[in-house]
Amino acid sequence: YNMLSTGSLTFNARFSYESFVLPYKDPRSIFVRKVHGSFLSAAYITRRLASGDDLHIGYSASRPFIAEIQVIHGDVAEQVIHSSEQVTLSFLSGRHSATFENEVTAALVKAVPVALSFADRFWNITISARSHKLVTGKKGTHIDVAVAPLKDAPTDRVVPHGLIAQSYLDKASVQGKIDDYMPQPNGEYTTSAQGEGAFEGNINDYEIQGDDPFASAFRFSRFGLTEAAARNEANLSGKKLQRKAPVIGKAHGDSNAEIVIE
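Residues numbered from 1 in each chain as written. Predicted model: local features only at pLDDT ≥ 70, side-chain atom pairs only at ≥ 80, totals over all residues. Heavy atoms only, no water.

Asker: Describe unusual backbone geometry, listing the residues and the values that go with them.
Answerer: The linkage connecting valine 112 with the following residue, proline 113, adopts the cis geometry, with an omega of 5°. The phi dihedral of asparagine 102 is positive, around 55°, even though this residue is not glycine. Within the element layout of this structure, asparagine 102 appears in the loop between β7 (97–100) and β8 (104–110). Unlike most non-glycine residues, tyrosine 181 shows phi in positive territory, near 55°. Mapped onto the fold, tyrosine 181 is located in the loop between β12 (172–175) and β13 (188–190). (Helix = DSSP H or I, 4+ residues; strand = E, 2+ residues; numbered from the N terminus.)

Asker: Describe the pattern of salt bridges, naming the residues involved and giving the relevant values.
Answerer: Enumeration over the complete set of coordinates arrives at eleven salt bridges. The residue aspartate 120 makes a salt bridge to arginine 47 at a minimum N-O spacing of 2.9 Å. One end of the pair, aspartate 120, is in the loop between β9 (114–119) and β10 (123–134); the other, arginine 47, is in strand β3 (residues 34–48), with 73 residues separating them in the sequence. Judged by its relative accessible area of 7%, aspartate 120 is buried. (Salt bridge = Lys/Arg side-chain N within 4 Å of Asp/Glu carboxyl O. Buried < 20%, exposed > 50% of the residue type's maximum accessible area, 1.4 Å probe, protein only.)

Asker: Please set out the confidence of the model for the chain residue by residue, giving values where relevant.
Answerer: Within the chain, residue pLDDT values average 91, and 92% of them lie at 70 or more. This model gives residues 254–262 a pLDDT under 50, and the stretch forms 35 contacts once residues within four places in sequence are excluded. (pLDDT = per-residue confidence, 0-100. Contact = heavy atoms within 4.5 Å.)

Given below as structure tokens:
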């Protein structure tokens, strides 16, 4: 599903379904013994460089100390590909960061335990490795993501879209549908809310079509455009709240292990 789409940048994330338990510090864990829901498990970034080359960055919760980068040389927009090269970032050994054409930087940085940071002139994407407890007692892994505009973002004539980024120029925060975590008699709960009302269209409109996780095509894609207007949040059905600074968008597993869009 797409999180951020601009004229030269696409950021997609994979949802994975799991059965898990809430943290013991969460008071709802007294009543909710098992949750059937989803986490973000992998991230895929495509950035079209000034040369016309495409940069692909892949990051998975299952391999949090590694980031795989591929540079595709040629006029990708015209489907003319001459060659490609592979770059691997490793937090534990070897290369931690890389810069491409003096306009894009990707780096594995110390966090709890580690995070991938992507930055160009317009956007900073931070993808953090996290864990949760499965109903089997084993540890599951997921990622949290944060998207923040940088100083040149207001100069871009393509206003971004995607599940997170479409709210960039909103005058108010929009609260979509959330789960109530009222369990069944057996103590189990299945999540169903998808933030309806907080974004344009429905969740299926943001699904990336085909087998390529780096693809840019979805209903509201901005990739390849030179100009695009902002959405009108007044048309959304979600509850309007006062917006707080700074402007930042996140999708993360919180104490109730759900995806939250802020």
